[in-house]
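Letter by letter, the chains look like this.
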Amino acid sequence: MTSPLNPMQRDNEIDLSEMLGTLRDNKWLIGRIVGFFVILGIIYALVATPIYQATSTAQVDQKVPELPGLTALTQTLGTESPETTTQAALITSRMVVGGVVDKLKLTTSSSAERIPLFGNFIARLYASRHPGQVAAPWFGMNGYDWGGSKLDIFQLSVPESLQDQPLTLVAGENGEYVLQDKDGNLLLTGKAGQGAGNQGVTMQVKTLQANPGTHFRVVSHSRLTVTNRLRKAIKVTEQGKDSGILDMTYDNADPVLAGNILREVGELYVRQDVDRNSAQAANSLEFVREQLPKVRSQLEQATAALNAYQLKARSVDISMQTQSLLDQEVSIQGSIQQLRLQQADMQRQYTPAHPAYKALMQQIGQLEAKKASIDKQVGTLPNTQQELLKLTRDVQVSNDTYTGLLNQAQQLDIARAGTVGNVRIVDSSAVDVTQPIWPRKSIVVLSSTFLGGFVALLFVFIRQALNRGIEDPAVIENLGLPVYASIPVSLREQALHDKRGRTYDKQRLLVMDAPADMATEALRSLRTSLHFARLEAKNNVLMITGSSPDVGKTFVSANLATLVAQGNQRVLLIDGDMRMGTLHRVMGGHAEGGLSELISGQADLETTVRQIGTSQNLYFIGRGKIPPNPSELLMNSRFSAMLEHVKKMFDLVIIDTPPILAVTDAAIIGHHAGTALMVVRFGLNQAREVALARQRFEQNNIHLRGAIFNAVEKRSSGYYSYAYYGVDKAAG
């Protein structure tokens, strides 16, 4: 048979079967934790303030409508500007959102004070059932709103020191109110529908509907704070890449306010776009009007020069070759003139390093190169034809430019008055009040279930990792202590333990109350093992001890003594724990008149030894009154003499002692015992603790015969499987 796995090796390994076993062993605990979180999730889903979403859709044209008579900048560059991205940024700009804040007076916020956790739910429930009414205060707490209270502030102005500071408005009778700062100092008093002012605070309440004494929280925010907060709350997304369709959303607990905010954002957004394009038309018109006098002067000068040359040359006509070159030059020169006008306009908006400006200059350079090529051809003509071509060209170019500018001026004047933007609202702001976006009950409950499962698993595994108590009897045997018995945990023993806490006058033993219990069967096995162990002992005194309190020494001692007595042996059970002994609760009766009085000479053996029940074989000595010096009493010769006397009177003497690591009493009693057993509790005592207790006995020349593994719980796999009995509470 292979030896058990070393616990140190097991600690360094991940055993999947052990993990699954741990989950099965704690399935009810995990279920309770998950159930608790599910209940919390359901409560939250019911009482959480619903959040509604306002939605709106806008369409952005990919190209700005061209101004009449001018070449579009996008055509000049040969590319399209990212209008969608630009417009999406404009929607949440401070220019647009700030205008909404001003129009809807969002710098002032107010809310009724309600009881924590469930106040909003109670108020919503009442308002839905009694619209337009104010709920009566519950339990006389009129400072809170219980539903139906309303405060509408038309105007609020406070000094800078009170800005963004919470103020308290207390409702009074007939629409009267009192405004206080956060320290309770009076700022002003007023009445709904009337303006009020004091100490630099100006306020006008439009509507006040509340029980007298109801408190409202009022805050005057800075415009920039509200604007930035609203900019972050408004979400703008594009439907597909370069689609030009923008979806706008805004979430708020007040569906009416959410719809109004998004509606105003859309209207201001479209208005500013129209204003921007109208301003662009106005700027272009101003530029054209500035150029008209200059071009007209150039036309007059060119016409006069041509007439003077024709008189001088006596009406020289242009040849067909010259006419062809003239047409080409007029076309190119006209284009150059138009681009020069655009250059002058672009210099107002861009620097020479801007890509748009560079592209424009590149086009002008290309046309200048073509013009230079034609000028070379003109240079081959006779001087008279050259001069006549030049003068005629100047007249035609100036005339075409002047005529074009006149047309542009008229069209731009019309465009300035009736410009439309390149964006429009497709779907106006709307809110579905029947379907809040939060809380979504199914998602909340599902999330709380997963969270509960995670917390439960985390708790179970952390507890398992931190609980280094012995759970395998092989660990005890590796410490050099044979395990005489493994006693399973008993639910019935726990019930008896609870009854002992209420009364001491009745015997309450597991072996008497539940003789068929698995723990009772394990104790019978211990009785058999002890029968053979005592054959080698120096006397018939058995000491039951432990390394720490609450391991079940009292439970083992009392029930073992009863079982041995049932085997027709005279047994004396002694409570050797004169500090905190509780054997009298199990055996019935009181602690007084016991071992401490016997050793101190205050009582004799006949009065301290009590017969238990109707049994002729079981006798008991209680601990007595708690003495100031238990260890010194145990070292008294009367204790040794008493043991020598009772050893002859009884077949077995069982002594229940205090923990060895707590006090030295067990070491003193151990010198008188022929057999010493230590109780080790499942999951409580650590291996190091048991080893230290064994070492403490060896230092006092006391040989521990073995150990009793008590309160063994059921485990699902691996080395836990031997504990096939059990429930979820410890015995003894």
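Small disclaimer: the values here were computed from a predicted structure and weren't measured.

Conventions we followed
Residues numbered from 1 in each chain as written. Predicted model: local features only at pLDDT ≥ 70, side-chain atom pairs only at ≥ 80, totals over all residues. Heavy atoms only, no water. Helix = DSSP H or I, 4+ residues; strand = E, 2+ residues; numbered from the N terminus. Buried < 20%, exposed > 50% of the residue type's maximum accessible area, 1.4 Å probe, protein only. Contact = heavy atoms within 4.5 Å. Pairing = 2+ DSSP bridges. Axes fitted to C-alpha atoms, helices over the stretch in contact; angles between N-to-C directions. Expected span 1.5 Å × (residues − 1). Arc of directions from axis to C-beta. Core = buried A, V, L, I, M, F, W, Y, C linked by side-chain atoms within 4.5 Å. Salt bridge = Lys/Arg side-chain N within 4 Å of Asp/Glu carboxyl O. Patch = residues over 30% accessible without salt bridge, like charges linked within 9 Å, V, L, I, M, F, W, Y side chains within 5 Å. Areas by Shrake-Rupley, 256 points an atom, 1.4 Å probe, with all protein chains shown as cover. Polar contact = N/O pair within 3.5 Å; in protein donor to acceptor, adjacent residues only side chain to side chain. Phe/Tyr/Trp six-rings, centres within 6.5 Å; stacked < 30°, edge-to-face > 60°. 1 Å grid on protein atoms, 1.4 Å probe; cavity = no way out; pocket = protein on both sides within 12 Å on 5 of 7 lines; lining within 4 Å. Points joined across faces, edges and corners; volume = space filled by probe spheres on them. Nonpolar A, V, L, I, M, F, W, Y, C, P; charged D, E, K, R; others polar. Parallel < 35°, antiparallel > 145°, perpendicular 65-115°, else oblique. Left-handed = near helix turned anticlockwise from the far one by under 90°.

**Comments concerning the overall build of the chain**
Part 1: Across its full length, the chain carries 25 helices and 20 strands.
Part 2: The proportion of buried residues among the 732 residues of the chain is 44%.
Part 3: Restricting to contacts in the chain with at least 6 residues of sequence separation, those with at least 24 account for 78%.

**Some words on the sheet that holds strand β12 (residues 423-431)**
Part 1: Read from one edge to the other, the open sheet built from 4 strands follows the order β10-β11-β1-β12, with strand pairing classed as antiparallel. With one partner strand each, in any of the chains shown, β10 (235-238) and β12 form the two edges of the open sheet. Sheet twist, expressed as the average angle between the axes of neighbouring strands with direction ignored, equals 20°.
Part 2: Across 6 bridges, strand β1 (residues 52-60) lies against β12 in antiparallel orientation.

**Digging into helix α25 (residues 687-699)**
Part 1: With 13 residues, α25 extends 18 Å between its outermost C-alpha atoms, agreeing within 8% with the 18 Å of an ideal straight helix rising 1.5 Å per residue.
Part 2: What α25 keeps buried is the set E689, V690, A693 and F697. Projected down its long axis, α25 carries its buried residues within an arc of 100°, all on one side. More than 90 degrees from the buried face of α25, the exposed residues found are R688 and Q699.
Part 3: Lining the buried residues of α25 we find β14 (541-546), α24 (665-670) and β19 (675-681).

**As for the nonpolar core**
Part 1: Grouped together as the largest cluster of nonpolar side chains are 43 residues, with contacts concentrated most on L572, I574 and M642.
Part 2: Residues contacting L572, with those up to four places away along its chain left out, are V609, Y619, F620, I621, V646, F650, L652, V653 and I654.
Part 3: Membership of the second largest hydrophobic core comes to 38 residues, among which are L530, A558, L652 and I708.

**Concerning the sheet that holds strand β3 (residues 150-157)**
Part 1: Strand order in the open sheet made by the 3 strands is β3-β8-β7, with antiparallel pairing throughout. At either end of the open sheet lies a strand with only one pairing partner, and these are β3 and β7 (195-198). For this sheet, the mean inter-axis angle between neighbouring strands, taken without regard to orientation, is 25°.
Part 2: Where β7 and strand β8 (residues 201-209) come together, 4 bridges link them in antiparallel fashion. For N198, the partnering residue across the bridge sits in β8 and is V201.

**A short note on helix α3 (residues 27-47)**
Side chains that are three or four residues apart share a direction in an α-helix, a result of its 3.6 residues per turn.
Part 1: The terminal C-alpha atoms of α3, which comprises 21 residues, lie 30 Å apart, in line with the 30 Å expected from a rise of 1.5 Å per residue.
Part 2: Within α3, burial applies to L29, I30, I33, V34, F37, V38, G41, A45 and V47.
Part 3: In the core, the buried residues of α3 are packed alongside α2 (16-25), α7 (119-129) and α13 (441-466).

**Looking at the pairing of β8**
Part 1: Summarising the sheet, β3 and β8 pair through 7 bridges and their orientation is antiparallel. Looking across to β8, one finds that D152 is bridged to T207.
Part 2: Hairpin connection between β7 and β8: a loop of 2 residues separates the two successive antiparallel strands, and Q199 in this loop has a positive phi of roughly 55°.

**Structural notes on the pattern of salt bridges**
Part 1: Across all of its chains, the model carries 9 salt bridges by this definition.
Part 2: A salt bridge links R223 to D102; its shortest N-O distance comes to 2.8 Å. Taken as a pair, R223 in helix α8 (residues 223-233) and D102 in helix α6 (residues 94-104) lie far apart in primary sequence, 121 residues in all.
Part 3: With its nearest N and O atoms 2.3 Å apart, the salt bridge here joins R492 to D513.

**Re a nonpolar patch on the surface**
Part 1: Side chains of F36, I39, L40, I43, L117 and F118 sit close together on the surface and give an oily, nonpolar patch of about 600 Å² of accessible area.
Part 2: If you trace the backbone, L117 turns up in the loop between β2 (108-112) and α7.
Part 3: Using a relative accessible area of 74% as the deciding quantity, one classes L117 as exposed.

**Digging into the side chain of K647**
Part 1: Among the structural elements, K647 can be located in helix α23 (residues 637-649).
Part 2: Looking at K647, its side chain comes within polar contact range of the side chain of E644, at 2.9 Å.
Part 3: Residues in contact with K647, not counting those within four places in the same chain, are N539, N540, V541 and V653.

**Thoughts on the environment of I33**
Part 1: Within the secondary structure, I33 is located in helix α3.
Part 2: Between the C-alpha atoms of I33 and G452, which are 419 residues apart in sequence, the distance is 6.1 Å.
Part 3: In contact with I33, other than residues within four places in its own chain, are G452, V455, A456 and F459.

**Section: the packing of aromatic side chains**
Part 1: Under the counting rule described, the total for this entry stands at 6 aromatic pairs.
Part 2: A centroid spacing of 6.3 Å and a plane angle of 90° characterise the contact between W138 and F139, whose relative ring orientation is edge-to-face.
Part 3: Note on F139: relative accessible area 74%, which makes it exposed.
Part 4: When the centroid spacing of 5.0 Å and the interplanar angle of 10° are considered together, the rings of W138 and W146 count as stacked.
Part 5: A network of ring pairs unites the aromatic residues W138, F139, Y144 and W146 as a single cluster.

**Structural notes on the layout of surface pockets**
Part 1: Estimates place the volume of the largest pocket at around 1900 Å³.
Part 2: Lining the largest pocket are 46 residues, and of these S110, L151, N252, D254 and L257 sit closest to its centre.
Part 3: Of all the elements in the fold, those that place two or more residues in the lining of the largest pocket are α6, β2, α7, β3, β8, α8, β11 (245-252) and α9 (255-313).
Part 4: Tallied by class, the residues present in the lining of the largest pocket amount to 20 nonpolar, 15 polar and 11 charged.

**Some details on the side chain of N559**
Part 1: Residue placement: N559 occurs in helix α18 (residues 553-566).
Part 2: In terms of polar contacts, N559 uses its side chain to reach the backbone amide nitrogen of V511, at 3.1 Å.
Part 3: Within the structure, the side chain of N559 is placed 2.7 Å from the backbone oxygen of F555, a separation counted as a polar contact.
Part 4: Contact partners of N559, with chain neighbours within four places excluded, come to L509, L510, V511 and L523.

**Thoughts on the packing of α2 against α13**
Part 1: One way to put it is that α2 packs onto α13 with a least axis distance of 11 Å and a crossing angle of 115°. Considered as vectors, α2 and α13 are oriented roughly perpendicular to each other. With respect to the hand of their crossing, α2 and α13 are arranged in right-handed fashion. Two secondary-structure elements touch here, α2 through M19, T22 and L23 and α13 through L457, V460, F461 and Q464.
Part 2: Across the contact of α2 with α13, the residue classes break down as 5 nonpolar, 2 polar and no charged.

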